Amino acid sequence: MPQPADSSVRENAAGVQPAGPELRREIEAVEAERIRALIEIDLDALAEIYHESLVHIHAPGVRHTKDMLLEHTRTRQAYREIERGELTITSVADGVVVVTGSIRNRLGNPDGSERVVEGIVTQVLHRDEDARWRFLSFQLTPFGEKVWGDLPSEKDAAADADR
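Quick summary incoming for the structure in this document. (Residues numbered from 1 in each chain as written. Predicted model: local features only at pLDDT ≥ 70, side-chain atom pairs only at ≥ 80, totals over all residues. Heavy atoms only, no water.)

### Looking at helix α2 (residues 21-40)
We apply this condition: Runs of E in the DSSP output that reach at least two residues are strands. Runs of H or I that reach at least four are helices, and both are numbered from the N terminus. Helix span, as expected, comes to 1.5 Å for every residue beyond the first. A 1.4 Å probe rolled over the protein chains alone gives each residue an accessible area, and that area as a share of the maximum for its type sets the label: buried under 20%, exposed over 50%, partly exposed in between.
Along its 20 residues, α2 runs 28 Å from first to last C-alpha, staying within 8% of the 28 Å computed at 1.5 Å per residue. Of all the positions in α2, only Leu23, Ile27, Val30, Glu31, Arg34, Ile35, Ala37 and Leu38 are classed as buried.

Encoded structure:
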């Protein structure tokens, strides 16, 4: 594959790296605040940590802006419990991180019953001028049927994790 002619593009790509301990603590803290605020319906806190250009994609493929997500949280009051698995936090540029990891949401339904949605989430956060981390993007892909089964490397990784 040809290399980009612009050396700044190459330098930026070289800056992609796993988050160090301090950055990891910062991102885990803002994710914990997001979870708390969703469950407690703390719209002021959510408004602070959602960037104005937020794009939030729910599990069924529903796309919300920041204002729509705040309305959704206020009117539906669906979030009962949110559990996150191990997070992979990658710094992709100065003040921009990508976070991936599993999620388990216990949600209320319109009829009063509950359901659980589990999947993998990808989030993008940006550190704004005020030095606060804000969510730019959220995408939840629910777990589903794996018609192809596991790759050999996935089986190896699972075996390693069990040891």
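### Brief notes about the environment of glutamate 81
This is how it is decided: Throughout, a contact is declared for two residues whenever any of their heavy atoms are within 4.5 Å.
Among the structural elements, glutamate 81 can be located in strand β4 (residues 79-93). Owing to a relative accessible area of 29%, glutamate 81 belongs among the partly exposed residues under this scheme. Put simply, glutamate 81 and isoleucine 35 are 46 residues apart on the chain and 8.3 Å apart in space, counted from C-alpha to C-alpha. Not counting residues up to four positions away in its chain, the partners in contact with glutamate 81 are Ile39, Arg104, Asn105 and Arg106.

### Considerations on the side chain of histidine 58
Rules: Whenever a nitrogen or oxygen atom comes within 3.5 Å of another N or O atom, the pair is scored as a polar contact, on the condition that within protein one atom can donate a hydrogen and the other can accept it, and that pairs from neighbouring residues in sequence are kept only if both atoms are in side chains.
You can see histidine 58 is positioned in the loop between β2 (50-57) and β3 (63-64). Within the structure, the side chain of histidine 58 is placed 2.8 Å from the side chain of histidine 64, a separation counted as a polar contact. Setting aside its immediate chain neighbours within four residues, histidine 58 contacts His64, Leu69, His72, Tyr79 and Leu140.

### A few points about the nonpolar core
The condition is simple: What makes a nonpolar core is a set of buried Ala, Val, Leu, Ile, Met, Phe, Trp, Tyr and Cys residues whose side-chain atoms join them at distances within 4.5 Å.
Judged by nonpolar contacts, the single largest core of 29 residues is most densely connected at Ile27, Tyr50, Val97 and Leu125. The set of elements that each furnish at least two residues to this core consists of α2, α3 (43-49), β2, α4 (66-76), β4, β5 (96-108), β6 (114-127) and β7 (133-142). With 6 residues, α2 is the single largest residue contributor to this core.

### Topic: the sheet that holds β5
Cut-off, in case you're wondering: A pair of strands is considered paired only if DSSP assigns at least 2 bridges between the two. Geometry is summarised by axes, namely lines fitted to C-alpha atoms with helices restricted to the contacting stretch, and by angles between N-to-C directions that run from 0 to 180 degrees.
Spatially, 7 strands are ordered β1-β4-β5-β6-β7-β2-β3 in an open sheet, and the strand pairing comes out mixed. Where the open sheet ends on each side, the last strands, each with one partner, are β1 (17-18) and β3. Relative to the sheet, α2 contacts β2, β4, β5, β6 and β7, its axis offset from that of β4 by approximately 150°. Across the sheet, α4 lies against β2, β3 and β4, angled at about 70° from β2, the strand it touches most.

### Comments concerning the pairing of β7
As paired elements, β2 and β7 share 4 bridges and run parallel to each other. Paired with histidine 56 across the two strands is phenylalanine 138, which belongs to β7. Both β6 and β7 contribute to a ladder of 9 bridges, which runs antiparallel. What sits directly across from valine 121, in β7, is leucine 140.

### Re the packing of aromatic side chains
The geometry of an aromatic ring pair is captured by two quantities: the separation of the ring centres and the angle between the planes. Heads up, the condition is: Only rings of Phe, Tyr and Trp enter the pairing, Trp through its six-membered ring, and a pair is recorded when the two centres are within 6.5 Å. The plane angle decides the type: under 30 degrees is stacked, over 60 is edge-to-face, the rest tilted. When the NZ atom of lysine or the CZ atom of arginine is within 6 Å of a ring's centre and also within 35 degrees of its normal, the charge is said to sit over that ring.
Applying the stated criterion across every chain, the model contains 1 aromatic pair. With a centroid separation of 6.5 Å and an interplanar angle of 75°, the aromatic rings of tyrosine 50 and phenylalanine 135 are classed as edge-to-face. Separated by 85 residues along the polypeptide, tyrosine 50 in strand β2 and phenylalanine 135 in strand β7 bring together distant segments of the chain. Accessibility expressed as a relative area gives 2% for tyrosine 50, which makes it buried. The class for phenylalanine 135 is buried, based on a relative accessible area of 2%. Above the plane of the ring of phenylalanine 135 lies arginine 34, whose end atom (NZ or CZ) is 5.9 Å from the centre.

### Describing the environment of histidine 72
Position of histidine 72 among the secondary structure elements: in helix α4. Discounting chain neighbours no more than four positions away, the residues touching histidine 72 are His58, His64, Gln77 and Tyr79.

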